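Descriptive structure summary
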Amino acid sequence: MRDTAAATPIGALDALLHSISTAGDLTDNHILTLMHIVGQRGNVTTTSVLGALRILDNPGSVQKLVARGTRRAVYQVKDPDSEIKLTCRPALRYCTCSQFFQVLVRESIMCEHVLAVKLTEALGTLDKTEISDESFADLP
Ligand SMILES: [Zn+2]
């Protein structure tokens, strides 16, 4: 039997994000499904869901930064505990937080910050800011 498990949770997550986007709201059912999807890979991911929900509780915590010239984009997430602004690249599931290393080691889906970006985008509540190409190049 072929191991297709690696691709499955991401596909399920994308379907869920689409459903959240269509509903325009994050319901309890969505959260339960989210727990189920990301909880398959262990405790780090369950922490990710709770952490992402805490980030969503603080409006303006997630920002999309777009470079004025190149139109390249990254996301900045303010961590609710440390107040540090982290740089996320959701397409790569990359984040500058310390949790990201654990995500790699334990093969979790993503950290709470990347998950928060994806949920904020699905909900359509993302703040967008244009920055200079120079500032963009200086981002971690
Ligand atoms: Zn992170």
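Before reading further, recall that the structure is shown in the block above.
This text gives an overview of the structure that appears in the document. Residue positions are counted from 1 within each chain, in the order its sequence is given. Whole-chain, interface and lining totals are the exception, using all residues; otherwise, since this is a predicted model, local features are given only for residues with pLDDT of at least 70 and side-chain atom pairs are given and counted only at 80 or more.

**Some details on the overall build of the chain**
Inclusion rule: Helical segments are the DSSP runs of H or I of at least four residues, strand segments are the runs of E of at least two, and each set is numbered from the N terminus. With C-beta atoms placed from the backbone, a residue is buried if 20 or more other C-beta atoms are within 10 Å of its own, exposed if 12 or fewer are, and partly exposed between those counts. Any two residues are considered in contact once their C-beta atoms, placed from the backbone, lie within 7 Å.
Within the chain one finds six helices and five strands. Written out in order from the N terminus, the α and β elements of the chain read α-α-α-β-β-β-β-α-α-β-α. Looking at the chain residue by residue over its 140 residues, the buried ones come to 26%. Contacts in the chain between residues at least 24 apart in sequence constitute 58% of all its contacts with a sequence separation of at least 6.

**Notes on the nonpolar core**
Put simply, the rule reads: Working definition: the nonpolar core is a set of buried Ala, Val, Leu, Ile, Met, Phe, Trp, Tyr and Cys residues, joined through C-beta atoms within 7 Å.
Within the largest apolar cluster, 26 residues are counted, with the highest numbers of intra-cluster contacts made by Val77, Cys88, Cys111, Val114, Leu115, Ala116 and Val117. At the level of secondary structure, the elements contributing two or more residues to this core comprise helix H1 (8-23), helix H2 (28-39), helix H3 (43-56), strand S2 (73-78), strand S3 (85-89) and helix H5 (112-123). No other element matches the six residues that H5 contributes to this core. Not counting chain neighbours up to four residues away, the residues in contact with leucine 115 comprise Ser48, Val49, Ala52 and Met110.

**A short note on the sheet that holds S2**
Our working rule: Paired strands, as defined in this entry, are two strands with at least two bridges between them according to DSSP.
With respect to topology, five strands assemble into an open sheet ordered S4-S3-S2-S1-S5, the strand pairing being mixed. Every interior strand has two partners, whereas the edge strands, strand S4 (94-95) and strand S5 (127-131), have only one. In this sheet, S2 lies alongside strand S1 (residues 62-67) in antiparallel orientation, the contact comprising five bridges. Each bridged residue has a counterpart across the sheet, and for leucine 65 the counterpart in S2 is valine 74.

**A short note on the environment of proline 80**
Along the chain, the position of proline 80 falls in the loop between S2 and S3. Owing to 15 C-beta atoms within 10 Å, proline 80 belongs among the partly exposed residues under this scheme. For the pair proline 80 and serine 61, spaced 19 residues apart in the sequence, the C-alpha separation amounts to 8.2 Å. Residues within four places of proline 80 in sequence aside, it is in contact with Arg54, Ile55 and Asn58.

**Things to note about the pairing of S1**
Counting the residues in the hairpin turn of S1 and S2 gives five residues, including arginine 71, whose phi is positive at 65°. Relative to S5, S1 runs parallel, the two sharing five bridges. Bridging across to S5, lysine 64 finds its partner in lysine 128.

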